[in-house]
Structure formats: C-alpha cells, structure tokens
Amino acid sequence: MSTHATSPAAPEADAVEKIVPLMPIVLPVMGGVLMFLLAFIAVFMA
C-alpha cells in the first residue's frame, strides 16, 4: 500500500484580516463622512 502525503490546504485570506491594517485610516474617514451626512440631513430638515 502506498501512502500519499498531502500538505494541509492553505487557509483562505479572510476579508476582515485584509481590512484590519487599514483601520487607522478607514475609521477617521468614515467618521468624517458620517458627520457630514448627519449635518447635511439636519440642515436639509430644518
């Protein structure tokens, strides 16, 4: 009997793991966008 040695499959890259290094840039930018949208809605509704 022959045995086939197979290496374990490489884990797929997770989408969250790709974004984590960008968090110091993404969070302030998204916070600014959110504040702009909320201010725009407040002025538009007034």
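For the structure itself, look to the data block above.
Residues numbered from 1 in each chain as written. Predicted model: local features only at pLDDT ≥ 70, side-chain atom pairs only at ≥ 80, totals over all residues. Heavy atoms only, no water.

Engineer: Account for the overall build of the chain, with residues named and values stated.
Structural biologist: A tally of regular secondary structure across the chain gives 2 helices and 0 strands. For the chain, buried positions account for 0% of its 46 residues. Here the chain has roughly 4,700 Å² of accessible surface; of this, 76% comes from carbon and sulfur atoms. (Helix = DSSP H or I, 4+ residues; strand = E, 2+ residues; numbered from the N terminus. Buried < 20%, exposed > 50% of the residue type's maximum accessible area, 1.4 Å probe, protein only. Areas by Shrake-Rupley, 256 points an atom, 1.4 Å probe, with all protein chains shown as cover.)

Engineer: Please give an account of the packing of aromatic side chains that cites residues and values.
Structural biologist: Summed over the entire model, instances satisfying the criterion amount to 2 aromatic pairs. Where F36 meets F40, the ring centres are 6.5 Å apart and the plane angle is 25°; that geometry is what we call stacked. Of this pair, F36 and F40 both sit in helix α2 (residues 23-45), 4 residues apart, which is roughly one turn of that helix. Summarising the aromatic geometry, the rings of F40 and F44 are spaced 6.2 Å apart at their centres and angled 15° between planes, so their arrangement reads as stacked. Here the residue F40 and the residue F44 both occupy positions in helix α2, the gap between them amounting to 4 residues, near one helical turn. There is no split in this pair, since F40 and F44 are both exposed. Ring pairing ties together the aromatic residues F36, F40 and F44, which thus form one cluster. (Phe/Tyr/Trp six-rings, centres within 6.5 Å; stacked < 30°, edge-to-face > 60°.)

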